[in-house]
Amino acid sequence: MKLAIGNDHVAIEMKKEIQAFLEAKGIEVINVGTDEPGRFDYPISGYKVGKLVASGEVDGGVLICGTGVGISLAANKVDGVRCCVCSEPYSAKLSKMHNNSNIIAFGARVVGVELAKMIVEEWLNAEFEGGRHQRRVDMIMEIQDTQELEAAK
Ligand code: RB5
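These numbers were taken from a predicted model, which means no experiment stands behind them.

What counts and what doesn't
Residues numbered from 1 in each chain as written. Predicted model: local features only at pLDDT ≥ 70, side-chain atom pairs only at ≥ 80, totals over all residues. Heavy atoms only, no water. Core = buried A, V, L, I, M, F, W, Y, C linked by side-chain atoms within 4.5 Å. Buried < 20%, exposed > 50% of the residue type's maximum accessible area, 1.4 Å probe, protein only. Helix = DSSP H or I, 4+ residues; strand = E, 2+ residues; numbered from the N terminus. Contact = heavy atoms within 4.5 Å. Polar contact = N/O pair within 3.5 Å; in protein donor to acceptor, adjacent residues only side chain to side chain.

In this section: the nonpolar core. Core analysis: the biggest nonpolar cluster contains 22 residues, and Ile18, Leu22, Val62 and Phe106 have the highest contact counts within it. Mapped by element, the contributors of at least two residues to this core are β1 (2-7), α1 (12-23), β3 (60-65), β5 (103-107) and α5 (113-125). In terms of residue count, α5 provides more of this core than any other element does, 5 residues in total. Those residues in contact with Leu22, other than ones at most four positions away along the chain, are Leu3, Ile27, Val29, Val62, Val120 and Leu124. Ala4, Val32, Ile71 and Ala105 belong to the second largest nonpolar core, which has 15 residues in total.

This is the structure:
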């Protein structure tokens with residue numbers, strides 16, 4: 001498995017911890033985030049991880065900023081991305097099982113590193129259930145692709 005990881009200046013240490021956590025599981029991790037001191041605009045990492053995921057170059061992505069919000073907003077502007085901000089493992093798991101999330105995001109100012117590892121673990125281990133959830137995910141992608149939703153007409 002290959003994942004991309006990205007972060008801003010708030011989340012450098014947590015990014016390193018999560019990258020090491022993933023690599024210890026034998027997962028290849030492409031780091032596109034910042035490791036340098038100084039402010040770093042989170043949309044850059046959100047965009048880069050989003051593109052890697054949407055192109056299929058990686059199997060999924062992890063994004064971390066202060067809250068997880070800004071970086072997920074940026075990633076979700078890339079076509080094909082379904083990035084979910086989750087501050088606990090249950091939502092992370094369900095974001096894959098029901099929403100087929102392909103990027104998980106969280107905030108280094110919101111969760112501690114051990115909770116972040118649990119979030120990532122649950123997300124990694126979950127599988128999309130398809131079925132009725134596929135129809136709803138298809139609707140989300142219809143909104144992205146057409147800016148319309150037949151079912152709402
Ligand atoms: C940076 O100060 C902060 O705005 C960023 O890390 C993130 O929380 C944005 O959503």
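Still more to cover.
Quick look at the side chain of Lys117 now. In this structure, Lys117 sits in helix α5. Overall, Lys117 belongs to the buried group, its relative accessible area being 18%. One polar contact links Lys117 to Glu114, side chain to side chain, over a distance of 3.3 Å. Ignoring anything within four residues of it in the chain, the contact list for Lys117 reads Glu17, Ile18 and Phe21.

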